Amino acid sequence: RLSEFDGRTIVTWKEGKSSYHIEGDLVLNLTIKLPRILPLPPGFNAIGSKIFERICRERLQQNLLDTKAAYIQWAETPTTK
């Protein structure tokens, strides 16, 4: 592999008097193996930044959809008290 994305999402919640507060942190690392001497063309960083931004946005969107689905499933599950 020439490049690799590695990441994780940490979701936490706190219970209030009448509500819950859900918070998430997304960590995404990009590792690129480059040769020792590599002339980079102008604009290379800008292109790489756009790709990285798009990947982050897509992963964050999927994380939000997964969190929403998990919350709905949790909220619709009957509890015994």
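Note on numbering: residues in each chain are counted from 1, in written sequence order. Selection of residues for local features in this predicted model requires a pLDDT of at least 70, selection of side-chain atom pairs for listing and counting requires 80 or more, and totals for whole chains, interfaces and linings are taken over all residues. Side-chain numbers come from the whole structure's heavy atoms, not from hydrogens or water.

J.: Account for the confidence of the model for the protein, naming residues and giving values.
T.: Each residue carries a pLDDT score, the predictor's confidence in it, ranging from 0 to 100. On average, residues of the protein carry a pLDDT of 80, and 96% of them reach 70 or more. Each helix is a run of DSSP H or I of at least 4 residues and each strand a run of E of at least 2, with the numbering of both proceeding from the N terminus. No element of the protein has a lower mean pLDDT than strand β2 (residues 20-32), at 79, and none a higher one than helix α1 (residues 44-76), at 83.

J.: Any chance you could break down the pattern of salt bridges for me, citing the residues and the numbers?
T.: Salt bridges are identified by distance alone: a Lys or Arg side-chain nitrogen within 4 Å of an Asp or Glu carboxyl oxygen. Enumeration according to the criterion identifies two salt bridges in this entry. The shortest N-O distance in the salt bridge between R57 and E53 comes to 2.9 Å. Here R57 and its partner E53 are both found in helix α1, four residues apart, which amounts to about one turn of the helix. The cut-offs for exposure are 20% and 50% of the maximum accessible area for each residue type, with area from a 1.4 Å probe on protein chains only; residues under the lower value are buried, those over the upper are exposed, and the others partly exposed. Here E53 falls in the partly exposed class, since its relative accessible area comes to 38%.

J.: So what's going on with the pairing of strand β1 (residues 3-15)? Residues and values would help.
T.: In this sheet, β2 lies alongside β1 in antiparallel orientation, the contact comprising 13 bridges. Opposite D6, over in β2, you have N29 as the bridge partner. In this description, strands pair whenever DSSP reports at least two bridges between them.

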